[in-house]
Amino acid sequence: MTAYLVALLCVLGLATGQFLFKLTSIALASTGTLFSVKSALPFISAMAIYGVTSIAWVWVLQKIELGRVYPMMALAFVFVPLGSHFIFGERFQAQYFIGLVMIVVGIIITIRG
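Residues numbered from 1 in each chain as written. Predicted model: local features only at pLDDT ≥ 70, side-chain atom pairs only at ≥ 80, totals over all residues. Heavy atoms only, no water.

Quick look at the packing of helix α4 (residues 76–88) against helix α5 (residues 94–112)
Helix packing for two helices is described by the angle between their axes and how far apart those axes are. Quick reminder of the rule: In this analysis, axes come from line fits to C-alpha atoms, helices being fitted only over the stretch in contact, and the angle between any two N-to-C directions falls in the range 0 to 180 degrees. Helix and strand definitions follow DSSP, with helices as H or I runs of at least four residues and strands as E runs of at least two, each counted in order from the N terminus. Orientation is classified from the angle alone, with under 35 degrees giving roughly parallel, over 145 giving roughly antiparallel, 65 to 115 giving roughly perpendicular, and any other angle giving oblique. It is the rotation of the near helix from the far one that decides the hand of a crossing: anticlockwise by less than a right angle makes it left-handed, clockwise makes it right-handed. Two residues form a contact once any of their heavy atoms are found within 4.5 Å. Following the grouping adopted for this structure description, the nonpolar residues are Ala, Val, Leu, Ile, Met, Phe, Trp, Tyr, Cys and Pro, the charged ones are Asp, Glu, Lys and Arg, and the polar ones are all others, Gly among them.
Look at α4 against α5: their axes get within 9 Å of each other, and the N-to-C directions meet at 150°. Considered as vectors, α4 and α5 are oriented roughly antiparallel to each other. Helix-helix and strand crossings are classified by hand; for α4 and α5 the assignment is left-handed. Facing α4, whose interface residues are Phe77, Val78, Pro81 and Leu82, α5 presents Tyr96, Phe97, Leu100, Ile103 and Val104. In the contact of α4 with α5, the residues fall into nine nonpolar, no polar and no charged.

Given below as C-alpha cells:
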C-alpha cells in the first residue's frame, strides 16, 4: 500500500513539475531569458522535483510490477488539466471533463485487473 502512495506522490510531483514549467514559460515571456531569477527558479525547481520523483519511481518499481503501477501515471492527464484550470484559469469544454472521468475509470479498471 505504501508503494502505491509513493506512486501517487510521483504522479503529483510530475504534475507539479508541469505547473512549474508553465510558470517558467510565463516568466520567460516577460524576461526574455532563462537566466533571470524569475525564470530560473521555477525551472530549477521543476527539474529538482523531476529528479526526486525519478528516484522515488525506481523505488516503487522495486515493490510493484511495472504493468500494475504504470497506469497510475495516466492520472497526470487528470491532475495537470484540472490544475491548469484552477491555477492558470485555462478553460475547457464539458466533454473534456467527461474524457477525464473516462481516464480515471480506465485507470481503476486497469489497476484492479
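Some points on the nonpolar core
Threshold: Grouping buried Ala, Val, Leu, Ile, Met, Phe, Trp, Tyr and Cys residues that are joined through side-chain atoms within 4.5 Å yields what is termed a nonpolar core. The buried label goes to any residue with under 20% of its type's maximum accessible area, the exposed label to any with over 50%, and the partly exposed label to all in between, with areas taken from a 1.4 Å probe on protein chains only.
With 14 residues, the main nonpolar core has Ala7, Trp57, Val60 and Val69 as its most contacted residues. Elements with a contribution of two residues or more to this core: α1 (2–31) and α2 (37–63). Ignoring any residue separated from it by four or fewer positions in sequence, one finds tryptophan 57 in contact with Ala7, Cys10, Leu66, Val69, Tyr70 and Met73.

Structural notes on the side chain of serine 84
Checked against the element boundaries, serine 84 lands in helix α4. Residue serine 84 is classed as buried on the basis of its relative accessible area of 6%. If sequence neighbours within four positions are ignored, serine 84 has contacts with Phe19, Gly89, Glu90 and Phe92.

Focus on the packing of α1 against α4
Their axes nearest at 9 Å, the elements α1 and α4 cross at an angle of 40°. With respect to each other, α1 and α4 are oriented oblique. Crossing of α1 against α4: the hand is right-handed. Every residue of α4 that contacts α1 at Leu8, Val11, Leu12, Ala15, Gln18, Phe19, Lys22, Leu23 and Ile26 is listed here: Ala76, Phe79, Val80, Gly83, Ser84, Ile87 and Phe88. Broken down by class, the residue content of the contact of α1 with α4 amounts to 12 nonpolar, three polar and one charged.

Purely spatial values, then, with no claim about function.
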